[in-house]
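Coordinates in review
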Amino acid sequence: MIYIASPYSHDDNAVMERRFDEVCRITGRLMAQGFIVFSPIAHTHPIAVRSALPRGWDYWRKFDNEFIRGSEKVIVAMMDGWKESKGVQAEISIAKELGIPVEYMEVTD
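Now for a quick tour of the structure. (Residues numbered from 1 in each chain as written. Predicted model: local features only at pLDDT ≥ 70, side-chain atom pairs only at ≥ 80, totals over all residues. Heavy atoms only, no water.)

Enumeration over the complete set of coordinates arrives at six aromatic pairs. Here Y59 and F63 contribute two aromatic rings whose centre-to-centre distance is 5.8 Å and whose plane-to-plane angle is 40°, an arrangement assigned as tilted. With Y59 and F63 both in helix α3 (residues 57-69) and four residues apart, the pair spans about one turn of that helix. A relative accessible area of 30% places Y59 in the partly exposed class. Ring geometry for W82 and Y104: centres 5.7 Å apart, planes at 55°, overall tilted. On the criterion of sequence distance, the pair formed by W82 in the loop between β3 (73-77) and α4 (86-98) and Y104 in strand β4 (residues 102-105) is long-range, its members being 22 residues apart. By relative accessible area, which is 15% here, W82 ends up buried. (Phe/Tyr/Trp six-rings, centres within 6.5 Å; stacked < 30°, edge-to-face > 60°. Helix = DSSP H or I, 4+ residues; strand = E, 2+ residues; numbered from the N terminus. Buried < 20%, exposed > 50% of the residue type's maximum accessible area, 1.4 Å probe, protein only.)

This is how it looks when you write it as structure tokens:
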């Protein structure tokens, strides 16, 4: 399984929706190529929105940690905001601590 790390949280909900859309397209392209992929944003954003769950890293950390643990690699989607993202930087650190390879993917439309 490949874990996709991507930025999400932002003060502007429109930015969060755009990031959700973008990572859905990235995840879908990888799935179409036959990869088993988990994107915490693509897979849990609808649950968070419809269940009024928190949408920040502090809440999702324990979930994401387990999915990273079960992954053979982490791909960082280099979307706008990835360097500043608390969650993305934490996901990279977790993967490295666990000895899971981290790759960086340029994002183009």
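Turning to the pairing of β4, a few remarks are in order. Successive residues of a regular strand alternate their side chains across the two faces of the sheet. Relative to β4, β3 is paired through four bridges, and the arrangement is parallel. Residue pairing in the sheet places V76 in a bridge with Y104 of β4. Note that the unit made of β3, α4 and β4 has a crossover that is right-handed. (Pairing = 2+ DSSP bridges. Right-handed = clockwise from strand over helix to strand, strands pointing away.)

Turning our attention to the layout of surface pockets. By volume, the largest pocket is sized at about 390 Å³. Around the largest pocket, the lining comprises 23 residues; the ones closest to its centre are Y8, S9, R55, W57 and G87. Mapped by element, the contributors of at least two residues to the lining of the largest pocket are α2 (40-50), α3 and α4. Per-element accounting of the lining of the largest pocket gives the leading share, five residues, to α2. (1 Å grid on protein atoms, 1.4 Å probe; cavity = no way out; pocket = protein on both sides within 12 Å on 5 of 7 lines; lining within 4 Å. Points joined across faces, edges and corners; volume = space filled by probe spheres on them.)

Here we take up the pairing of β3. Among the five residues in β3, five count as buried, and that is most of the element. Of the two faces of β3, the one carrying K73, I75 and A77 and the one carrying V74 and V76 are both buried.

Attention now goes to the pattern of salt bridges. For the structure on display, the rule yields four salt bridges. Notably, a salt bridge pairs D58 with K86, separated by 3.0 Å at the nearest N-O pair. Placement of D58 in helix α3 and of K86 in helix α4 is noted, with a sequence separation of 28 residues between them. Residue class for K86 comes out exposed when judged on its relative accessible area of 52%. A salt bridge links K73 to E103; the nearest nitrogen and oxygen atoms lie 3.2 Å apart. Within this pair, whereas K73 is found in strand β3, its partner E103 is found in strand β4, the two being separated by 30 residues in sequence. E103 sits in the partly exposed class, given a relative accessible area of 36%. A single network of salt bridges, built from pairs that share partners, joins D58, R61 and K86. (Salt bridge = Lys/Arg side-chain N within 4 Å of Asp/Glu carboxyl O.)

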